[in-house]
Amino acid sequence: MFPRNAWYVACMPDEITDKPLGRQICGEPMVFYRNAEGAVTALEDFCPHRGAPLSLGFVRDGTLVCGYHGLEMGCQGKATGMPGQRVNGFPAIRNFSVIERYGFVWVWPGDAAQADPAKLHHLEWAESSEWAYGGGLYHIRCDYRLMIDNLMDLTHETYVHANSIGQKEIDEAAPKTVAEGDTVRTSRFMENVGAPPFWKMALRGNGLADDVPVDRWQICHFTPPSHVLIEVGVAHAGHGGYHAPADKKASSIVVDFITPETETSIWYFWGMARNFRPNDAELTASIREGQGKIFSEDLEMLERQQENLLRWPERNLLKLNIDAGGVMSRRVIDRLVAQERAAADAGTPAAQVTRVIPVRAAT
Amino acid sequence: MFPRNAWYVACMPDEITDKPLGRQICGEPMVFYRNAEGAVTALEDFCPHRGAPLSLGFVRDGTLVCGYHGLEMGCQGKATGMPGQRVNGFPAIRNFSVIERYGFVWVWPGDAAQADPAKLHHLEWAESSEWAYGGGLYHIRCDYRLMIDNLMDLTHETYVHANSIGQKEIDEAAPKTVAEGDTVRTSRFMENVGAPPFWKMALRGNGLADDVPVDRWQICHFTPPSHVLIEVGVAHAGHGGYHAPADKKASSIVVDFITPETETSIWYFWGMARNFRPNDAELTASIREGQGKIFSEDLEMLERQQENLLRWPERNLLKLNIDAGGVMSRRVIDRLVAQERAAADAGTPAAQVTRVIPVRAAT
Amino acid sequence: MFPRNAWYVACMPDEITDKPLGRQICGEPMVFYRNAEGAVTALEDFCPHRGAPLSLGFVRDGTLVCGYHGLEMGCQGKATGMPGQRVNGFPAIRNFSVIERYGFVWVWPGDAAQADPAKLHHLEWAESSEWAYGGGLYHIRCDYRLMIDNLMDLTHETYVHANSIGQKEIDEAAPKTVAEGDTVRTSRFMENVGAPPFWKMALRGNGLADDVPVDRWQICHFTPPSHVLIEVGVAHAGHGGYHAPADKKASSIVVDFITPETETSIWYFWGMARNFRPNDAELTASIREGQGKIFSEDLEMLERQQENLLRWPERNLLKLNIDAGGVMSRRVIDRLVAQERAAADAGTPAAQVTRVIPVRAAT
């Protein structure tokens, strides 16, 4: 159960090499490659000739060629040729709308006619030279909504990530959640606390003392279909916390693009954008490595939680105030899916009105 | 299909460390840990908050804490706390009755109100300093009744364990099976035969000549729900066999506690209790190693037999007199399960009247 | 969906050692062993006593003995004995007709009463000292008909086997397909082309120059139920191609016996028969190694194609003229299966009239 008329991260550009890339997204097996103009193209991963996956083929001068019998596939999903054969009568396979932007390839698994680039989030940090980004990709066998829950309630850091970013003061600081249109924001502020190991490292990385009390914040932004961007940071205590001047804090944006593969598995694109020492590649690598380790701690929990939910489908998950972020995000998703279904039933495209509230960096 | 109102071995005590232990028993995912008094506690492995397995959590001062968001779970299955949250309204999860005794943790997967410690077998060998015990645990993908069949008909030793405890005289000695209440006993006696390798080792271990003819015996005791204890031994021929004096024989009790995990998989706790040289730890280790190797020979046979039965569900297994032990044991099981079902249908607890005939060591 | 009243390759003789061989063929688990006369025997892999696979047993003086409790099984599927037990009342298990010939063991999974050795292909190359043969076995998770399609349309060589036997001229040469009774033949001829690497090796193996233009041919013969024999070769250009004298060409027969294991998996017996330097064992080994590598390139394509077809069962595969060989072969199969079904419905054995057109070596 996921919105289909929405932009999802399909892959990172460097995953598409001279070999096409096969990846299932929202239940649709897709093949990604670069056409003659260098633009990323996404098609159904199914050769209309004999059903071979086109992703086992190759790209010749920007044309995708089936690796079984050499059918040449056009960018729109119409076969364009095959040595010695007539294939123009072949039915087309599906073409999916794609945008390459912000260092990601985005795909629209639903109705291509509704795929509007203007509906893609604006991500300021991804276009500014004052920001650096590092990240990675995990495959996890869980419903994408379990990962949204996970990220909209950072209470779990105290338990799952006890040795890196967790601290008991997270539990003690009540989060506040608000919904605005289709977005949801959960905020949590902790004052005058010790910095946990990851943030000590970040303070040092920004040339700041790591052994003094800090004010810490976490502001989680959900935007449909399944993106969670989290402003996180610490400032030396008493300088304004989130609003402290740049030379008193270390802050960043945790980037989470959660792409359903199937109903119970995801491609999880995680990363961190920061606006201090953006040209320090070594720092980027070290943050990336640290984040990768921390985020890998969620995998077993999410997969085992999923197994438990499949075993007891009749049990309702209980909701505390810390769950408000996930609960409200799921409401947005439910509404969008209902709209799509209603539109499909009416035979007309859904008047999708996803309002996107971009995350602005706190500078 | 297994009785639920019965004591099953859940684990060995040293499997529960400072980490809780997750294990599925009779189709119920359970978590085991020690509470503040050091008593083993068993609960459903499902956090009522978000469905995470509690076995991924930790134990703090005898309290089980969920590893996802810190819910604290009481020994009876009621949530007792969570930092900054009210959880006392949460519905309880199931609590399972547990006894730690005889070097095992026993669990009662059914109705806790009926869990009577007096219904646990008395195992004399497990409490006496004159006996030593060594054993292990195997996970096998087969119906637990196939393992009962296996152990109640030791004819298979000649074939599956040809190089250790098998010998052709087993085939030639007709077994005798009797049922008494809910227990079944199958006996087989062989006179004036050579000792197979495992028993030569045991004779030497007991300081006896291993190259003389022996009388050998196997007395298999089934008690519900799925325990098979087997008195086995050899005595120098002509001294009374089973009744020979201690200095003329090597004997022991093969211990088999078979705990269903699912309908087609088991936790198989195997071991051997002996009453000679009980303080010789090296001998215990060497017997344990030998038995572990021998018993591992059954795994492939049982799993492949299970696959065959699933493939041909309409075929009836045929019954020879050697199968009487398994056949009668299954009748006991069928009767107990029928009683439980009748009681469930009537809305009243089954008047379970399991008569336990303890295995007395033959001294 | 496969004909059952037909000879399939079950195994190579050396796969049956002193241990029986278990193998599923056309959905039937079978056990193969040599009886007291040394003749290969095939039975259901199911002991009528307790359902154990007989293939886990052993052979004693030509009698198959169950490895669980020692039941002795007669060649016709009737239990003949068991130490201390009466088993002659046991129902028989199925016996399958077997022929050992041409270096293979052939089995008839259907009605044994119809199993006629005369219906087995005649394979001249397998009986002549002027021919050498080398081959192997792959297990592939695909419908056997996908492998027939693969072999009846060698266009795929250009793509799947680009570095060994593929060349663009294959695409350019239109194949010609004809059906004769129950057989299908697809031929393709290329004149005055370069020899691809595998054929250069074969030319050198036959003492011929490898750097001159050649005429190349591929003549694929389908015979039911699922055998594809392919005459392949190259001759120095201008000497008559397929009909060129032996000292101007290197030619061979690609041997493909495709045995369904289940509806979506196969045992693929592949090999090559050649009539030059038949006694050169080193050459046989080197051709076998090369062919094994080349044929392994098809595995991923076939298995992934199968996955795609299972995902989109409603999509029809499209048919070009290059597919005529597979299309016509499937028609033969459909007709045979329909005949078997009609005969089964009528309660009478199908008047199976499989006409076999043997492949005669082109000498």
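The structure contained in this document is the topic of the report that follows. On a predicted model such as this, the values are computed, not experimentally measured, just so you know. (Residues numbered from 1 in each chain as written. Chains lettered and ligands numbered in written order. Predicted model: local features only at pLDDT ≥ 70, side-chain atom pairs only at ≥ 80, totals over all residues. Heavy atoms only, no water.)

### Quick notes on the interface of chain C and chain A
Residue-level contacts link 27 residues of chain C with 30 residues of chain A. Of the roughly 2,400 Å² buried where chain C meets chain A, counting both sides, 58% is carbon and sulfur surface. Interface area lost by chain C to chain A is led by Y159(C), M301(C) and L318(C), which between them contribute 28%. If you look at where chain C meets chain A, you find two salt bridges. Close ionic contact of D149(C) with R50(A) constitutes a salt bridge, the shortest N to O distance being 2.9 Å. Joining chain C to chain A, the criterion identifies twelve residue pairs in polar contact (both at pLDDT 80 or more). (Contact = heavy atoms within 4.5 Å. Buried area = accessible area lost by both parts, 1.4 Å probe. Salt bridge = Lys/Arg side-chain N within 4 Å of Asp/Glu carboxyl O. Polar contact = N/O pair within 3.5 Å; in protein donor to acceptor, adjacent residues only side chain to side chain.)

### Observations regarding the pattern of salt bridges
Under the definition given, this model contains 58 salt bridges over all chains. Salt-bridge contacts for R145(B) lead to D143(B); the nearest nitrogen and oxygen are separated by 2.8 Å. Measuring nitrogen to oxygen at the nearest pair gives 2.6 Å for the salt bridge that ties E15(C) to R23(C). Overall, the relative accessible area of 21% leaves E15(C) in the partly exposed class. (Buried < 20%, exposed > 50% of the residue type's maximum accessible area, 1.4 Å probe, protein only.)

### Describing the environment of G84(C)
Residues and elements named next belong to chain C. Relative to the helices and strands, G84 is located in the loop between β8 (79–81) and β9 (95–101). By relative accessible area, G84 is classed as exposed at 70%. Along the chain, G84 and D247 lie 163 residues apart, while their C-alpha atoms are 68 Å from each other. (Helix = DSSP H or I, 4+ residues; strand = E, 2+ residues; numbered from the N terminus.)

### Some points on the sheet that holds strand β13 (residues 183–193) of chain C
Residues and elements named next belong to chain C. With antiparallel pairing, the seven strands of this open sheet are ordered in space as β11-β17-β16-β15-β14-β13-β12. Of all strands in the sheet, those bounded by a partner on one side alone are β11 (132–140) and β12 (176–180). Across the sheet, the mean angle separating the axes of adjacent strands is 15 degrees when strand polarity is ignored. Examined bridge by bridge, strand β14 (residues 214–223) and strand β15 (residues 227–236) share ten bridges and lie antiparallel to one another. From the neighbouring strand, R216 faces β15, where its bridge partner is V234. In this fold helix α1 (residues 144–152) packs onto β11, β13, β14, β15, β16 (249–262) and β17 (265–274), with an angle of close to 165 degrees to the strand it touches most, β16. (Pairing = 2+ DSSP bridges. Axes fitted to C-alpha atoms, helices over the stretch in contact; angles between N-to-C directions.)

### Topic: the packing of aromatic side chains
In this structure the tally under the stated criterion is 39 aromatic pairs over all chains. Where F46(A) meets W312(C), the ring centres are 4.9 Å apart and the plane angle is 75 degrees; that geometry is what we call edge-to-face. With F46(A) in the loop between β4 (40–44) and β5 (58–60) and W312(C) in the loop between α5 (281–311) and α6 (324–346), this pair bridges two chains. Under the relative-accessibility criterion, F46(A) is labelled buried at 3%. Taken together, the aromatic side chains of F104(A), W106(A), W125(A), Y133(A) and F257(A) make up a single cluster linked through ring pairs. Above the ring of F276(A), the side-chain terminus of R274(A) is found at 5.7 Å from the ring centroid. The ring centre of W267(B) lies 4.5 Å from the NZ or CZ of R23(B), which sits over that ring. (Phe/Tyr/Trp six-rings, centres within 6.5 Å; stacked < 30°, edge-to-face > 60°. Lys NZ or Arg CZ within 6 Å of the ring centre and 35° of its normal.)

### Concerning the relation of the copies chain C and chain A
Superposition record for chain C on chain A: RMSD 0.0 Å, screw rotation 120 degrees, translation along axis 0.1 Å. Here the transformation between the copies is reduced to the relation of a three-fold axis. (Least-squares fit on C-alpha atoms with pLDDT ≥ 70 in both.)

### What to know about the environment of G89(C)
The residue G89(C) is located in the loop between β8 and β9 in this model. Given the relative accessible area of 69%, G89(C) is considered exposed.

### Quick word on the pairing of strand β3 (residues 28–34) of chain A
The side chains of a regular strand alternate between both faces of the sheet. All names here are of chain A. Counting buried residues along β3, six of its seven residues qualify, which places the element largely inside the surrounding structure. In this structure, strand β2 (residues 21–25) lies alongside β3, joined through five bridges in antiparallel fashion. Its bridge partner lying in β3, G22 is registered against V31. Hairpin connection from β2 to β3: two residues lie between these consecutive antiparallel strands, with C26 at a positive phi of about 50 degrees. Here β3 pairs with β4 via five bridges, running antiparallel. Looking across to β4, one finds that R34 is bridged to V40.

### Concerning the sheet that holds strand β7 (residues 72–73) of chain A
Each strand in a sheet pairs with its neighbour through backbone hydrogen bonds, running either in the same direction (parallel) or in the opposite one (antiparallel). Residue and element names in this part refer to chain A. Pairing in this open sheet of four strands is antiparallel, and the strands run β5-β6-β7-β8 from one edge to the other. The open sheet is flanked by β5 and β8 (79–81), the only strands paired with a single partner. Strand direction decides the pairing type here: β7 and β8, joined by two bridges, are antiparallel. Considered in β8, the bridge of M73 is made with A79.

### Things to note about the environment of I322(A)
Inspection of the secondary structure assignment puts I322(A) in the loop between α5 (281–311) and α6 (324–346). With 296 residues separating them along the chain, I322(A) and C26(A) place their C-alpha atoms 28 Å apart.

### Things to note about the interface of chain B and chain C
Contacts between chain B and chain C engage 27 residues on the former and 30 residues on the latter. Taken together, the two surfaces of chain B and chain C that pack against each other cover about 2,400 Å², and 58% of this comes from carbon and sulfur. If you sort the residues of chain B by the area they bury against chain C, Y159(B), M301(B) and L318(B) come out on top, with a joint share of 28%. Counting every contact that joins chain B to chain C gives two salt bridges. Taken together, the links from chain B to chain C amount to twelve residue pairs in polar contact (both at pLDDT 80 or more). Element by element, the count of residues in the side of chain B that touches chain C is highest for helix α5 (residues 281–311) of chain B, at eight residues. Here the residues of the side of chain B that touches chain C sort into eleven nonpolar, six polar and ten charged. (Nonpolar A, V, L, I, M, F, W, Y, C, P; charged D, E, K, R; others polar.)

### Section: the state of the cysteines
As enumerated under the stated definition, the model contains zero disulfides over all chains in all. Here C75(A) is not disulfide-linked; the sulfur of C47(A) is the nearest cysteine sulfur, at 15 Å. Assessed through its relative accessible area of 26%, C75(A) is described here as partly exposed. The thiol of C66(C) is not disulfide-bonded; the next cysteine sulfur, from C47(C), is found 3.9 Å away. (Disulfide = S-S within 2.5 Å.)

### As for unusual backbone geometry
With an omega of 0 degrees, the peptide bond running from P224(A) to P225(A) counts as cis. Along the chain, P225(A) falls in the loop between β14 (214–223) and β15 (227–236). Not every positive phi belongs to a glycine, and D61(B) is a case in point at roughly 50 degrees. The exposure class assigned to D61(B) is exposed, which follows from its relative accessible area of 72%. The residue R277(B) is not glycine, and still its phi comes out positive at about 45 degrees. Within the secondary structure, R277(B) is located in the loop between β17 (265–274) and α5. When its relative accessible area of 39% is taken as the criterion, R277(B) is described as partly exposed.

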